[in-house]
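So you can see what is in the structure, the chains are spelled out below.
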Amino acid sequence: MFGDFLKRLTAPTPEPMVDSDARLALGALLVRLARADGHFDADEKARIKAILEQRYSLADASDLLADCEVLEAEAPDTVRFTRAIKDAVAYEDRLGVIAAMWEVVLADGKRDAEENSLMRMVAPMLGVEDQDSNAARRRIEARQ
């Protein structure tokens, strides 16, 4: 279903993403994070849906979330997937992705070892500094 998109995303020199592609890639990354602990529950789905609606000014992101779930299942390994996003998305937007990822991690009120491990791995792969990731996490924790 997303073969052409994944080919463009993982090309040796990917083009900057158009908004619809960025929505899919970033949403799929959130789904991958939510699935990291083996439990993709209703709270995590609701959090991702709310993030997508807020971030992209959508009235209902149900269809987008469903597409992101399919894309995540078809996407290459996390290393290549995040590298492709890093190459195609501006740093400021990647910071927003890290904040959204922390929202997903903290959606169920606990930080699982698998999610923490994936966050420690993904932030540098996205080219986001540890201190920026930690600052985003603290902001999300303070809101909860």
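The rules behind the values
Residues numbered from 1 in each chain as written. Predicted model: local features only at pLDDT ≥ 70, side-chain atom pairs only at ≥ 80, totals over all residues. Heavy atoms only, no water. 1 Å grid on protein atoms, 1.4 Å probe; cavity = no way out; pocket = protein on both sides within 12 Å on 5 of 7 lines; lining within 4 Å. Points joined across faces, edges and corners; volume = space filled by probe spheres on them. Helix = DSSP H or I, 4+ residues; strand = E, 2+ residues; numbered from the N terminus. Nonpolar A, V, L, I, M, F, W, Y, C, P; charged D, E, K, R; others polar. Salt bridge = Lys/Arg side-chain N within 4 Å of Asp/Glu carboxyl O. Buried < 20%, exposed > 50% of the residue type's maximum accessible area, 1.4 Å probe, protein only.

Draft legend 1. Region of the structure containing empty space enclosed by the protein. For the structure shown, the criterion picks out 1 cavity of 30 Å³ or more. Volume-wise, the largest cavity comes out at about 40 Å³. When contributions to the lining of the largest cavity are tallied by element, the ones reaching two or more residues are α2 (19–35), α3 (42–56) and α6 (91–105). Broken down by element, the residue count for the lining of the largest cavity peaks at 4 residues, all from α3. Its residues placed into classes, the lining of the largest cavity shows 7 nonpolar, 2 polar and 1 charged.

Draft legend 2. Representation of the pattern of salt bridges. Going through the model one piece at a time under the given rule, you end up with 10 salt bridges. For Arg35, the salt bridge goes to Glu72, with nearest N and O atoms at 2.4 Å. With Arg35 in helix α2 and Glu72 in helix α4 (residues 62–74), this pair connects stretches of sequence that are 37 residues apart. Assessed through its relative accessible area of 11%, Glu72 is described here as buried. Of the charged contacts, one joins Lys45 and Glu69 as a salt bridge, the two residues approaching to 3.8 Å between their closest N and O atoms. Taken together, the residues Lys45 in helix α3 and Glu69 in helix α4 connect sequence positions 24 residues apart. The class of Glu69 is buried, set by a relative accessible area of 19%.

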